[in-house]
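Letter by letter, the chains look like this.
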Amino acid sequence: MKPRARSYLARTVVIAGVFLLSSCTATTDGNIWTGPPATLTGHVVDTAGEPMGRCNINPGGNYTIEMQTISAPDGSFTVSLPGGRYDIEANCHDYDQTFLGRGTAPVEVTSADPVSVQITVKQ
């Protein structure tokens, strides 16, 4: 490998590492819980209060695939979250993949205690 190519590769790796590290934190607050993750339980409902199943649930921001789930037919869901602030998002589709609506709810995990949230989906 030519020295110029090595230098370009090294700069690319360093820049990629900086971007990766800068996007790893959920918050800049130094008081966020760093112990075991909390269990988040919730329900997804429409504007009339009816449960919405089959909604994709993710915590928004920097999350991993393990932090995603799908709501049950009764709208309930459970997921484990480490300390941080999240905007839990529900994206709902029917069996034909027609978009039914989206909703978000803020959550802050500050201990290992269970957290509960209700997300109202607006069409």
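To be clear, the structure that these remarks concern was listed above.
Described in the following lines is the structure provided in the data block. (Residues numbered from 1 in each chain as written. Predicted model: local features only at pLDDT ≥ 70, side-chain atom pairs only at ≥ 80, totals over all residues. Heavy atoms only, no water.)

**Overview of the state of the cysteines**
Part 1 of the argument: As enumerated under the stated definition, the model contains 1 disulfide in all.
Part 2 of the argument: Covalent S-S linkage joins Cys55 and Cys92, the inter-sulfur distance amounting to 2.0 Å. Residues Cys55 and Cys92 share a disulfide whose torsion about the S-S bond is about 105 degrees; that sign makes it right-handed. Pair noted here: Cys55 is in strand β2 (residues 55-58) and Cys92 is in strand β5 (residues 84-93), with a separation of 37 residues, a long-range link. One exposure class covers both Cys55 and Cys92, and it is buried. (Disulfide = S-S within 2.5 Å. Helix = DSSP H or I, 4+ residues; strand = E, 2+ residues; numbered from the N terminus. Buried < 20%, exposed > 50% of the residue type's maximum accessible area, 1.4 Å probe, protein only.)

**Some words on the sheet that holds strand β6 (residues 99-109)**
Part 1 of the argument: With antiparallel pairing, 4 strands are arranged side by side in an open sheet as β3-β2-β5-β6. What marks the edges here is a single partner per strand, and that holds for β3 (69-70) and β6.
Part 2 of the argument: Strand direction decides the pairing type here: β2 and β3, joined by 2 bridges, are antiparallel. Residue pairing across strands places Asn56 opposite Ile70, the latter belonging to β3. (Pairing = 2+ DSSP bridges.)

**Re the sheet that holds strand β4 (residues 76-81)**
Part 1 of the argument: Pairing is mixed across the open sheet formed by 3 strands, whose spatial order is β4-β1-β7. On the outer flanks of this sheet lie β4 and β7 (115-121), each paired with one strand and no other. Each neighbouring strand pair of the sheet contributes to a mean axis angle of 25 degrees, computed without reference to strand direction.
Part 2 of the argument: Relative to β4, strand β1 (residues 38-46) is paired through 6 bridges, and the arrangement is antiparallel. Note on β4: the bridge partner recorded for Ala38 is Leu81. (Axes fitted to C-alpha atoms, helices over the stretch in contact; angles between N-to-C directions.)

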